[in-house]
Amino acid sequence: MDTSEDILQQASPGLIPGSGTARAAKPTRLSPSFISWLQAGPMMLVFLAFFLIPLVFVVIVSFWDYNEYQLLPAFSGRGYTDTFEGCIAQLPDLCTIAKTYLKTLKLCFLVWAITLFIGFWVAYFLAFHVKSKTWQTGLSLLCTIPFWTSNVIRMIAWIPLLGRNGLVNSGLMKTGLISQPVEWLLFSEFSVVLALVHLFTFFMVVPIFNSMIRIDKSLIEAAYDAGATGFQTLVNVIIPLAKPGIVIGSIFVITIVMGDFITIGVMGGQQIAAAGKIIETRVNALQFPAAAANAVILLVITFLIITMMSRIVDIKKEL
Amino acid sequence: MKEGRPRSFYVLSIFFAAYVLFLYGPMIAIYVLSFQGPQGGLTFPMNGVSTYWLTKLFQGTGIVDLGAAFRRSLLLGVIVMAVTVVLSVAAGMAFRRKFKAQSILFYSAIASLIVPSIITSLGISLEFRIIDDLIKAHWNENFETSMGLLTSGLGAHLTWTLPFGLLIMFAIFNRFDPRLEEAARDLGATPWQAFRHVVLPIILPSVIGIGLFGFTLSWDELARSSQAIGAVNTLPLDLQGLTTTVTNPDIYALGTIISAVSFAVITLALGTIHMLNKRQAAKGSDAGKGLV
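Residues numbered from 1 in each chain as written. Chains lettered and ligands numbered in written order. Predicted model: local features only at pLDDT ≥ 70, side-chain atom pairs only at ≥ 80, totals over all residues.

### What to know about the overall build of chain A
Each helix and strand counted, chain A has 16 helices and 2 strands in total. By residue count, 38% of the 319 residues in chain A fall in the buried class. Residue pairs at least 24 apart in sequence account for 65% of intrachain contacts in chain A once pairs closer than 6 positions are excluded. (Helix = DSSP H or I, 4+ residues; strand = E, 2+ residues; numbered from the N terminus. Buried ≥ 20, exposed ≤ 12 C-beta atoms within 10 Å, placed from the backbone. Contact = placed C-beta atoms within 7 Å.)

### Section: the overall build of chain B
Counting secondary structure elements, chain B contains 11 helices and 0 strands. Starting at the N terminus and walking to the C terminus, you meet the elements of chain B as α-α-α-α-α-α-α-α-α-α-α. Taken along its principal axes, the extent of the C-alpha atoms in chain B is 70 × 70 × 35 Å. Of all 292 residues assigned to chain B, the portion counted as buried reaches 41%. Within chain B, counting contacts between residues at least 6 apart in sequence, those at least 24 apart form 73% of the total.

### Some points on helix 1 (residues 7-33) of chain B
Taking 1.5 Å of rise per residue, the 27 residues of helix 1 of chain B would be expected to cover 39 Å, and the 39 Å separating its terminal C-alpha atoms lies within 8% of that figure. The principal kink in helix 1 of chain B, of about 30°, is found at Tyr24 of chain B, preceding the proline Pro26 of chain B by one to four residues. Among all positions in helix 1 of chain B, only Phe16, Pro26, Met27, Ala29, Ile30 and Leu33 of chain B are buried. In this structure, the buried residues of helix 1 of chain B make contact with helix 5 (96-129), helix 7 (151-156) and helix 8 (159-162) of chain A together with helix 11 (250-283) of chain B. (Expected span 1.5 Å × (residues − 1). Bend = angle between axes of the 7 residues up to and from the residue.)

### Notes on the nonpolar core
Side chains that are nonpolar tend, in soluble globular proteins, to be buried together. Membership of the largest hydrophobic core comes to 148 residues, with the highest contact counts inside it found for Val58, Ala292 and Ala295 of chain A together with Leu122 of chain B. When residues of this core are assigned to their parent elements, the largest contribution, 14 residues, is made by helix 10 (residues 189-213) of chain A. (Core = buried A, V, L, I, M, F, W, Y, C linked by C-beta atoms within 7 Å.)

### Observations concerning unusual backbone geometry
All names here are of chain A. Backbone geometry places Gln270, a non-glycine residue, at a positive phi of 60°. Within the element layout of this structure, Gln270 appears in the loop between helix 13 (262-267) and helix 14 (275-284). The class for Gln270 is partly exposed, based on 13 C-beta atoms found within 10 Å. In the Ramachandran plot, Leu286 falls in the positive-phi region, its phi being about 60° despite a non-glycine side chain.

### Focus: the confidence of the model for chain B
All names here are of chain B. Residues of chain B with pLDDT of at least 70 account for 93%, and the chain-wide mean is 86. When pLDDT is averaged over each element of chain B, helix 6 (residues 149-174) comes out on top at 93 and helix 2 (residues 52-59) at the bottom at 76. Scored by ipTM, the complex comes to 0.90, with pTM at 0.87. (pLDDT = per-residue confidence, 0-100.)

### Regarding the interface of chain A and chain B
Chain A puts 72 residues into the contact, and the matching count from chain B is 70 residues. When residues in the side of chain A that touches chain B are grouped by element, the largest group, 20 residues, is from helix 3 (residues 32-61) of chain A. Of the residues contributing to the side of chain A that touches chain B, the split by class is 52 nonpolar, 17 polar and 3 charged. (Nonpolar A, V, L, I, M, F, W, Y, C, P; charged D, E, K, R; others polar.)

### A look at the packing of helix 1 of chain B against helix 11 of chain B
Residues and elements named next belong to chain B. Contact geometry of helix 1 with helix 11 gives a least axis separation of 8 Å together with a crossing angle of 115°. With respect to each other, helix 1 and helix 11 are oriented roughly perpendicular. Crossing geometry of helix 1 relative to helix 11 is assigned as left-handed. Touching Ile30, Tyr31 and Leu33 of helix 1 are Tyr252, Gly255, Thr256 and Ser259, all from helix 11. Class assignment of the residues belonging to the contact of helix 1 with helix 11 gives a composition of 4 nonpolar, 3 polar and no charged. (Axes fitted to C-alpha atoms, helices over the stretch in contact; angles between N-to-C directions. Parallel < 35°, antiparallel > 145°, perpendicular 65-115°, else oblique. Left-handed = near helix turned anticlockwise from the far one by under 90°.)

### Quick word on the environment of Val83 of chain B
Within the fold, Val83 of chain B resides in helix 3 (residues 66-94). For Val83 of chain B, a count of 21 C-beta atoms within 10 Å gives the class buried.

### Remarks on the packing of helix 5 (residues 117-138) of chain B against helix 6 of chain B
All names here are of chain B. Running from N to C, helix 5 and helix 6 point in directions that differ by 150°, and their axes come no closer than 10 Å. Accordingly, the angle class assigned to the pair helix 5 and helix 6 is roughly antiparallel. Seen along the crossing, helix 5 lies across helix 6 with a hand that is right-handed. Contacts between helix 5 and helix 6 involve Thr120, Ser121, Ile124, Ser125 and Phe128 from the first element and Ser152, Gly155, Ala156 and Thr159 from the second.

### What to know about the environment of Leu161 of chain A
By the element assignment, Leu161 of chain A lies in helix 8. Spatially, the C-alpha atoms of Leu161 of chain A and Leu186 of chain A are 9.0 Å apart, while their sequence positions differ by 25 residues. Contacts of Leu161 of chain A, omitting those with residues within four sequence positions, involve Gly166, Leu167 and Val168 of chain A together with Pro26 and Ala29 of chain B.

In structure tokens, the structure reads:
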């Protein structure tokens, strides 16, 4: 180690052969903290230039004025007043923005509940029932591979199944369960939730699996030996210990769905309003301050949800 | 414990199999449908078998200029992959010691991962618009835009891939034995030699994993590209544009080609990782195996 070598060197300079010449050849040693900066600096710069500063610009521009063509760098609350237009006047009816957020939260809750259920049991199966390491790796990989392929393709993949003449409808018609094709299968809230679950259950499986794999198996045997039923072990041992994974997975899924505009757009036939879609619509209309104001609102709501959830668990300790 | 598998094993096996079918079933359906005959439609049953739709895309007579978008996405993907690997490994090394901005970098990465993509994308586009306006006002009136594939587009993709790279590095060094590196240093290796000949070979399989994430996440990236890519489109953006006007299997054929690239990269990466792991097992340390 450096330090012990330095001490030895001071005590008796002749003890470490060659080290004196090595020092002479390399007079400028970089200090450890400088090396850390060199190593971590580039990534920090990328986040600064393409994440932190852009976020600051979103907040600044949300208070700018705008006309039909351009941004006007003068203070204005128009981005926000336009967004909340009619929210007080229309009471007790809900204004557009409130309705949109309620709908987004509803989608969010549905997708969260379903991905949590599926993700929990898939992770449970992989962590506790698959004993061989090779099988565990293989099956985990099987769950991961779709994540490396395109989301849009995984969305349009539902068209041949759910469309009016799709497999599901023709199957149901053949069995005589329905006489008319079911219309709500595609380009509806149903297909949006289905696609979101299809795309993002992965984000639930991974953290929950990671928590479960760290559970000491002897704890489960101890519970069994102490007379706990399988259900009691699940509720009192496994779920509490898997909680960090559940919370992290939930944060991922909730933030993704809150800000989603692509899945909701494609699978909703561009007809369903959502928090992320408002931003997209405003940008397309070149109303950047209004888009930025909506982004700030979305950011605040997302941040509140994450803060509430991270009260339950210290994220940094779990990684 | 009872002999044999508990009943829950069979129930969950079926559940897991159903989940896998749910994951892959729809994807396989469109791969199959893209091999329809020229009269093919959007759903089953298939109308003949041919490579008509696939070749149509490559001839450029189809819906998009596939070649140009393909090359752009490939170029961006490779650059994102390289930058992600280098920056993640470097930053991962930094996290093995304590340093001042450690928690700032950590929380930036986590925030970048979970702040909705549309916000990051909008922010980058605003940033570049304002830079453009400044350049036009102060230096060059004829300046077009600084937004583009390899400026704002590259940055947007990196905000998505770097957090994954960093988290994978954390996972690597959580189970990395630092004594191996210390041993190298004790034998007189310089820090660089210790990294190059000891640390890197050990972590190489996972580093390839970072590259796999870097490329595939960029190759399929959509939400962050949407506002920040500038005038040109990447392949996924073209594909998304088609979803509103789908009438024939063109879109499936395009999906199949994009997926084929993804699967080729995945196979290549996983194959390499497997090979490296095997080689490590064969030629690696015999420590802890007793005297031979």
